[in-house]
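Coordinates in review
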Amino acid sequence: MLAEIGDIKRFSSSAKLARYTRCAPIPVYSSDNERHRLHRGGNRRLNNVLYTAAIVQTRFNPAAQELIARREPVKGARGARRILKRHLVDVIYRAMHTDQSTRQHQITRCQQLALT
């Protein structure tokens, strides 16, 4: 996943990362119905990794099981899984962004110590 995403600074928000990973739903309007479908562009490998992570989370994580149980009656099984994948993208984005800013802070500190 890290190799496919690369530098997290390429994405200014988690929504842009979700669009790149094919997890951002696209609204589809037909008559009076509003539905959402998955984005066909983007990186298929990242989407596959997130799908696998969502399945594993659904099996073993109580919070993910609760989210699926809460959303499944309204959105259906696929829609609930789509919501979980989008949530996982948010978590990954925050973790990578925090990790990179922490790493950059440590590099700056080491450079300052080396100069003194």
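Residues numbered from 1 in each chain as written. Predicted model: local features only at pLDDT ≥ 70, side-chain atom pairs only at ≥ 80, totals over all residues. Heavy atoms only, no water.

**Examining the pairing of strand S1 (residues 25-30)**
Basically, it comes down to this: One bridge is not enough; two strands pair if DSSP finds at least two bridges between them. Helix and strand labels come from DSSP, where a helix needs a run of H or I of at least four residues and a strand needs a run of E of at least two; each type is numbered from the N terminus.
Note that S1 and strand S2 (residues 33-38) share six bridges and pair antiparallel. In the sheet register, Pro-27 faces S2, and the bridge partner there is His-36. Linking S1 to S2, which pair antiparallel, is a turn of two residues; within it Ser-31 sits at a positive phi near 60°.

**Some points on the confidence of the model for the protein**
Our working rule: Along the chain, pLDDT gives the predictor's confidence residue by residue, from 0 to 100.
Summary statistics for the protein give a mean pLDDT of 88 and a share of 99% for residues scoring 70 or more. Element-level mean pLDDT values for the protein span from 75 in S2 up to 94 in helix H3 (residues 44-60).

**Re the packing of aromatic side chains**
Where two aromatic rings form a pair, the distance of their centres and the angle of their planes describe that pair. Where we set the bar: A pair of Phe, Tyr and Trp rings is counted when the ring centres sit within 6.5 Å of each other, with Trp represented by its six-membered ring. The angle between the planes then sorts it: under 30 degrees is stacked, over 60 is edge-to-face, the rest tilted. Exposed residues in this analysis have more than 50% of their type's maximum accessible area, buried residues have under 20%, and partly exposed residues fall in between, with area computed by a 1.4 Å probe over protein chains only. In our convention, an over-ring charge means Lys NZ or Arg CZ found within 6 Å of a ring centre and within 35 degrees of that ring's normal.
Inspection of the entire model under this criterion finds one aromatic pair. Their ring planes at 40° and their centres at 5.3 Å tell us that Phe-11 and Tyr-20 sit as a pair that is tilted. Phe-11 sits in the buried class, given a relative accessible area of 9%. We note Arg-10 situated over the ring of Tyr-20; from NZ or CZ to the ring centre the distance is 5.3 Å.

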